[in-house]
Amino acid sequence: MSARRPLIAGNWKMNKTGAEARSYCERLLQLLGDGEGPEVAVCPPFTALEIVAVALAGSGVWAAAQTMHEAPSGPHTGEISALMIVAAGARGVVIGHSERRAAGETDAQVGARARAALDHDLTPIVCVGESLDHRQAGETFSWLSGQVRAALAAVRPDEGARLAIAYEPIWAIGTGQTATPEIAQEACAHVRAVAGERLDPAVTRVLYGGSVTPENTAGLMAQSDIDGALVGGASLDPESFARIVGAA
Ligand code: PEP
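The structure reproduced in this document is the subject of the present report. (Residues numbered from 1 in each chain as written. Predicted model: local features only at pLDDT ≥ 70, side-chain atom pairs only at ≥ 80, totals over all residues. Heavy atoms only, no water.)

### Considering the packing of helix H1 (residues 18-32) against helix H10 (residues 238-247)
Angle between the axes and distance between the axes: these two values describe a pair of packed helices.
Phase 1: Two elements in contact, H1 and H10, have axes whose closest approach is 9 Å; the angle formed by their N-to-C orientations is 35 degrees. Here H1 and H10 pass one another in a crossing that is right-handed. Of the residues in H10, those touching H1 at Tyr-24, Arg-27, Leu-28, Leu-31 and Leu-32 are Pro-238, Glu-239, Phe-241, Ala-242 and Val-245.
Phase 2: Class assignment of the residues belonging to the contact of H1 with H10 gives a composition of eight nonpolar, no polar and two charged. (Axes fitted to C-alpha atoms, helices over the stretch in contact; angles between N-to-C directions. Helix = DSSP H or I, 4+ residues; strand = E, 2+ residues; numbered from the N terminus. Left-handed = near helix turned anticlockwise from the far one by under 90°. Contact = heavy atoms within 4.5 Å. Nonpolar A, V, L, I, M, F, W, Y, C, P; charged D, E, K, R; others polar.)

### Considerations on the sheet that holds strand E2 (residues 39-43)
Phase 1: As summarised here, the arrangement of the eight strands in space is E1-E2-E3-E4-E5-E6-E7-E8, forming a closed barrel in which the pairing is parallel. If you compare each strand with its neighbour and ignore which way they point, the axes differ by 25 degrees on average.
Phase 2: The sheet contact formed by strand E6 (residues 164-167) and strand E7 (residues 205-209) spans four bridges and is parallel. Along E7, the bridge assignment pairs Ile-165 with Val-206.
Phase 3: Packed on one face of the sheet, H10 meets strand E1 (7-11), E2 and strand E8 (228-231) and runs near 160 degrees to E1. (Pairing = 2+ DSSP bridges.)

Here it is in structure tokens:
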């Protein structure tokens, strides 16, 4: 049996008010019941983070932020720190999402943010992934290697079980063009191998993200190097997200 409990995380991106977030969580908890299953996390916008953490308290489902700054405080307008995320009651944070990288987040910041998150006992879900241009140029593996090494540069060898790495090919995010289970497996195996240069690959979770749906989850989860999913669009509806959790 794998030492890695599957993790299904829902990234709401810039969706849902606080009131919508609260009723979503109530419905999600009803749908999930208390059955043993994968670990489940919900990643709302900052404005709903504390509401979600309170609504999920005691359930085992945890709240995570969608990004954070590496500094504890300071002149960083519009940013929030690990300390603030913890104070809001969340247990994790997505770092290096391609939509943040496209807005200027660098590999060095991803590494510093992963370190800061771990220092505050948050579970970082660190995203890596190639563009269609990189894939077509045959650069997928070298690109992923660079992103994984930078993200883990300050992570200590015994911290593999405290984080997750999400392989999210940019061409699959929000496009409906899910990677085939074979393509996702090949890339996730590579990510695990590169992470294994620093961390114990047997305990380090590697997730797949990119147009995951209730229909394609089981095929992806059947792959030996896929330990869960980071779900965008299909996590916005609690029924659909609960079906993904069920399929996993
Ligand atoms: C994401 O936002 O991380 C994502 C994978 O989105 P989607 O599932 O909509 O492709």
